[in-house]
Amino acid sequence: MEHQSPQEDLQAKIESLRKRYEEDGQSFATHLEGALHSRYINYWDYIHLDTLLTLQTPKTDFPDELIFITYHQITELYFKLILHEMGQLREANEVTGDFFYEKLYRMNWFLGRLIESFDIIAVGMDQNQFIKFRAALTPASGFQSVQYRLIEIASTDFINLVDKDCRNKYSDYATIEEMFEDIYWKKGAIDVATGKKSLTLRQFEEKYSRRLLRMANENKIKNLYAIYKRLPFEVQNDEKIILAMKRFDTYININWPLAHYKYAVRYLIKESNTVESTGGTNWQKYLPPRFQKRIFFPSLYSEQEINDWGKTWVETEVLQNKSPR
Ligand code: HEM
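The rules behind these values
Residues numbered from 1 in each chain as written. Predicted model: local features only at pLDDT ≥ 70, side-chain atom pairs only at ≥ 80, totals over all residues. Heavy atoms only, no water. Axes fitted to C-alpha atoms, helices over the stretch in contact; angles between N-to-C directions. Helix = DSSP H or I, 4+ residues; strand = E, 2+ residues; numbered from the N terminus. Parallel < 35°, antiparallel > 145°, perpendicular 65-115°, else oblique. Left-handed = near helix turned anticlockwise from the far one by under 90°. Contact = heavy atoms within 4.5 Å. Salt bridge = Lys/Arg side-chain N within 4 Å of Asp/Glu carboxyl O. Buried < 20%, exposed > 50% of the residue type's maximum accessible area, 1.4 Å probe, protein only. Phe/Tyr/Trp six-rings, centres within 6.5 Å; stacked < 30°, edge-to-face > 60°. Lys NZ or Arg CZ within 6 Å of the ring centre and 35° of its normal.

Undergrad: Give me the packing of helix H6 (residues 97-117) against helix H15 (residues 239-268): which residues, what numbers.
TA: Packing of H6 against H15 leaves a shortest axis separation of 9 Å and a crossing angle of 25°. Accordingly, the angle class assigned to the pair H6 and H15 is roughly parallel. H6 and H15 meet at a crossing whose hand is left-handed. Every residue of H15 that contacts H6 at Gly-97, Phe-100, Tyr-101, Leu-104, Met-107, Asn-108, Leu-111, Gly-112, Leu-114 and Ile-115 is listed here: Lys-240, Ile-241, Ala-244, Met-245, Arg-247, Phe-248, Tyr-251, Ile-252, Asn-255, Trp-256 and Ala-259.

Undergrad: Explain the environment of Gly-142 to me, using residue names and the numbers behind them.
TA: Relative to the assigned elements, Gly-142 resides in the loop between helix H8 (127-135) and helix H9 (146-155). Distance in space between the C-alpha atoms of Gly-142 and Glu-8 is 58 Å, their sequence separation being 134 residues.

Undergrad: Let's hear about the pattern of salt bridges: which residues, and what values?
TA: The tally for this structure, following the rule as stated, stands at 18 salt bridges. With a closest N to O distance of 3.9 Å, Lys-311 and Asp-308 form a salt bridge. Taking the relative accessible area as the measure of exposure, Lys-311 reaches 35% and is therefore partly exposed. Residues joined by salt bridges that share partners form a network here, namely Glu-85, Glu-102, Lys-103 and Arg-106.

Undergrad: I'd like to hear about the packing of aromatic side chains, residue by residue, with values.
TA: When we look at a pair of aromatic rings, we describe it by the centre distance and by the angle of the planes. Within this structure, the stated rule accounts for 27 aromatic pairs. Summarising the aromatic geometry, the rings of Tyr-71 and Phe-118 are spaced 5.5 Å apart at their centres and angled 65° between planes, so their arrangement reads as edge-to-face. One end of the pair, Tyr-71, is in helix H5 (residues 65-91); the other, Phe-118, is in the loop between H6 and helix H7 (119-124), and 47 residues separate them in sequence. The burial state of Tyr-71 is the same as that of Phe-118; both residues are buried. Ring plane angle 35° and centroid distance 6.3 Å describe the contact between Phe-100 and Tyr-228, whose orientation is recorded as tilted. In this pair, Phe-100 sits in helix H6 while Tyr-228 sits in helix H13 (residues 224-230), placing the two residues 128 residues apart along the sequence. On the accessibility criterion, Phe-100 (0% relative accessible area) is buried. Members of the aromatic cluster, each reached through a chain of ring pairs, are Phe-143, Phe-158, Phe-180, Tyr-184, Trp-185, Phe-204, Tyr-208 and Tyr-286. Over the ring of Trp-109 we find Arg-113, and its NZ or CZ is 4.2 Å from the ring centre.

Next comes the structure, spelled out in structure tokens:
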């Protein structure tokens, strides 16, 4: 192919630009004039830095509360990136094995960084300060993270999110609306003595139930597990894909919950006294994965693996209380 001179190259670009505006019924000349006057983009406007830095607003004067807020926000941004990848899989007209793997790989990568970075809490937050400022945050709790719930809903068939003791109650024809009443996190936030829903749960439901139900229905045949089960047989059995699926499942349902639980234990238990959580769950029973047995892709595991779900990590990490300090 003949090489274009810079002048010809520029001419060709101007011509393409003219065509683009003409096709949209826009005046090329007016757009050129606009370009003459428009401001150059800069970093701080592009990422809305000034706005971003106004979003960390502690409720008390304890300095370490800033770490607590900021790290929650960092986590939510990572959740957003994960949901972004899941959305692309859900909306794709055709999902090839390569595309599926690429999205899963990214999601795993983001989750891996989140799990590693939980130690920011341990290094950055003094327990005495936490015990005091947390009281000012009641009844707010990470339990109310809608993105966390959306990731779960986009990951698996709804029945796998139903409290494990209630799963047998539902036939294959059960509706999402029926199963929603027994979703695992509702069970966690019910006062055992009174049988009443906690305020944390009631507020969350009031704000998000309709959205969660809509998303659950949209994800019925488009969740990650359903998409996986529609891949060609040889792709489903590709070891690389199976490993990536298991990694995703383990990261979300074991490693992240345990990294989180480790710090709940460290921060909420002081000199053998357990402090009540802000969300009011019986958290020592609720949070550990081995009690919950949330598994997104059950068909990928042996019976033994399912029986041992979450055990090893609890033993090595939480019980021996390894931490960066
Ligand atoms: C020292 C730090 C933390 C402590 C002590 C803590 C404590 C708790 C407790 C006790 C619960 C159970 C619900 C309740 O009773 O409130 C919970 C749930 C939750 N927290 Fe945290 N948390 C901490 C940090 C974080 C961070 C940084 C995030 C990041 C977003 C987070 C996200 C969540 C989520 C998503 C749940 C729901 C988990 C589930 O339903 O299985 N937490 N947290």
